[in-house]
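# Remarks on the overall topology
These are the residues of each chain, in order.
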Amino acid sequence: MSKAASELVLNADGSVYHCNIRPEHLADTIITVGDPNRVEKVSRHFDTIEHTASKREIVTHTGTLNGKRLTVISTGMGTDNIDIVLSELDALANIDLETGEIKKDFRKLSFVRMGTSGALQADIPVDSFVIGSHGLGLDGLLHYYVGSEAVMNKEVEDAFIKHVDWSSNKARPYLVKGSDLLLDKLASEKTIQGVTATACGFYGPQGRYLRLQPNPADINERLTTFNYEGLRISNFEMETSAIYGLSAMMGHEALSINAIVANRILGEFSADSYKAVDAMIEYSLEKLTK
Ligand code: R1P
Ligand code: URA
């Protein structure tokens, strides 16, 4: 079925509305980062850069490293932006933008998020690298798509809802597994694995108390103490669950590696978070391309 102009929105040059790139600008392996300034921090390691674009908080560089074609793109903060970026990148790969028809031959993409995050366990130090074996969505995005239950894990979600006494005023939490293929590439003794919890905000939704009290006040303690057959929640950030969920529904691979800039249990923040992020980028690029 073709798509109305209001549904699959294109710019005058044929690029997709927000990401502002055309199909030929997209590599099969895509690195997502939250911060637009981090795009250059990734692409400065590339051997070649063939295309750059930017619109709003979405900056894109495509090039090669060690013979592998890569696109690095910033998503800005939050799963609402992930909905936009993942939908448009999947459309670039799998929809004929001229006719609006879904292409017959599926093109599989691999998404690697290189982000920053706060640890929810005392034994996960600042400046370490955490890979999300699973994404735990506290944001609700996936419920807006028909069939999303198929990529979720009801049993673990039910155990989590019971353990934390999750309020029915909030969207039901969802748990999605990351890509085993990418985990094989990226994991080593230098990385820690755990469940990455994705919040819909940085303050109240992550239990930070400035002037307004989070509800519940002890949300972090409830998350830290959850354990389902050895699965524990390692860290908090704002994108992973949606990347894992949409990728799984679309048939793509996705994995998230985060530099730990804060430890929420110990109340610590990295003395040099930019250095930790640079080290995580170098580590991940090497693993991804060699
Ligand atoms: C909050 O400071 C932002 O940092 C984390 C969170 O997910 C959120 O986007 O990731 P990035 O550093 O990739 O943006
Ligand atoms: N990003 C987050 O979302 N939370 C943190 O605590 C640190 C980085």
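All of these numbers come straight from a predicted model, not from anything done at the bench.

### So, the site of ligand 1
All residues adjacent to ligand 1 are G34, D35, R38, M77, R113, G115, T116, F202, E237, M238 and E239. Here an oxygen atom of ligand 1 sits 2.5 Å away from a polar atom, N or O, in the side chain of E239. Protein chains shield 86% of the accessible area of ligand 1, which is 340 Å² for the free molecule. With 3 residues, the top contributor of residues to the shell around ligand 1 is strand β5 (residues 110-119).

### A few points about a nonpolar patch on the surface
Among the surface-exposed residues, F202, Y203 and L210 lie close enough to one another that they form a single nonpolar patch of about 330 Å² accessible area. In this structure, Y203 sits in the loop between β8 (191-198) and α5 (219-224). Relative accessible area serves as the criterion here: at 43%, Y203 is assigned to the partly exposed category.

### With respect to the site of ligand 2
The environment of ligand 2 is made up of T116, S117, G118, F202, Q206, R208, F236, E237, M238 and V261. Note that a nitrogen atom of ligand 2 is positioned 2.8 Å from one of the side-chain N or O atoms of Q206. When the free accessible area of ligand 2 is taken as 240 Å², the share hidden by the protein chains comes to 93%. For the shell around ligand 2, the secondary structure elements donating two or more residues are β5 and β10 (231-237). In terms of residues, the shell around ligand 2 owes the most to one element, β5, which gives 3 residues. For the shell around ligand 2, the class distribution of residues is 4 nonpolar, 4 polar and 2 charged.

### Quick look at the nonpolar core
I31, L89 and M114 are the most contacted members of the largest nonpolar core, which totals 56 residues. Residue contributions to this core peak at 7 residues, all from helix α2 (residues 79-94). Residue contacts for L89: discarding those within four places in its chain leaves C19, I21, L26, I30, I73, L109 and F111. Listed in part, the 18 residues of the second largest apolar core include F160, V164, Y228 and I233.

### Observations concerning the packing of aromatic side chains
Given two aromatic rings, one states the distance between the centres and the angle between the planes to describe the pair. Tallied over the full model, the rule gives 4 aromatic pairs. Their ring planes at 45° and their centres at 5.7 Å tell us that F129 and Y283 sit as a pair that is tilted. Taken together, the residues F129 in strand β6 (residues 129-137) and Y283 in helix α7 (residues 273-289) connect sequence positions 154 residues apart. By relative accessible area, F129 is classed as buried at 9%. The interplanar angle of 75° and the centroid separation of 4.9 Å between the aromatic rings of F202 and Y203 together place this pair among those described as edge-to-face. Aromatic ring contacts, followed pair by pair, group F160, W166 and F226 into a single cluster. Just above the ring of W166 sits the side chain of K170; from NZ or CZ to the centre is 5.0 Å.

### Concerning the UniProt feature "domain: Nucleoside phosphorylase" (unreviewed entry) in the chain
Those residues carrying the UniProt feature "domain: Nucleoside phosphorylase" (unreviewed entry) are residues 30-264 in this numbering. Between the end C-alpha atoms of residues 30-264 there is a gap of 30 Å, over a span that is 25% helix and 33% strand.

### Examining the packing of helix α1 (residues 36-43) against α7
Relative to each other, α1 and α7 sit at 50°, their axes nearing to 10 Å. The orientation of α1 with respect to α7, classified from their angle, is oblique. Two packed elements cross with a definite hand, and for α1 against α7 that hand is right-handed. Residue-level inspection shows R38, K41 and V42 of α1 in contact with α7, the latter providing Y274, V277, D278, I281 and L285.

### Observations concerning α7
The end-to-end C-alpha distance of α7 is 24 Å, a good match for the 24 Å that 17 residues give at a rise of 1.5 Å each. For α7, the full list of buried residues reads S273, A276, V277, M280, I281, Y283, S284, L285, L288 and T289.

Rules of the game
Residues numbered from 1 in each chain as written. Chains lettered and ligands numbered in written order. Predicted model: local features only at pLDDT ≥ 70, side-chain atom pairs only at ≥ 80, totals over all residues. Heavy atoms only, no water. Near = heavy atom within 4 Å. Polar contact = N/O pair within 3.5 Å; in protein donor to acceptor, adjacent residues only side chain to side chain. Areas by Shrake-Rupley, 256 points an atom, 1.4 Å probe, with all protein chains shown as cover. Helix = DSSP H or I, 4+ residues; strand = E, 2+ residues; numbered from the N terminus. Patch = residues over 30% accessible without salt bridge, like charges linked within 9 Å, V, L, I, M, F, W, Y side chains within 5 Å. Salt bridge = Lys/Arg side-chain N within 4 Å of Asp/Glu carboxyl O. Buried < 20%, exposed > 50% of the residue type's maximum accessible area, 1.4 Å probe, protein only. Nonpolar A, V, L, I, M, F, W, Y, C, P; charged D, E, K, R; others polar. Core = buried A, V, L, I, M, F, W, Y, C linked by side-chain atoms within 4.5 Å. Contact = heavy atoms within 4.5 Å. Phe/Tyr/Trp six-rings, centres within 6.5 Å; stacked < 30°, edge-to-face > 60°. Lys NZ or Arg CZ within 6 Å of the ring centre and 35° of its normal. UniProt positions renumbered as here; feature names shortened; annotations may be inferred. Axes fitted to C-alpha atoms, helices over the stretch in contact; angles between N-to-C directions. Parallel < 35°, antiparallel > 145°, perpendicular 65-115°, else oblique. Left-handed = near helix turned anticlockwise from the far one by under 90°. Expected span 1.5 Å × (residues − 1).

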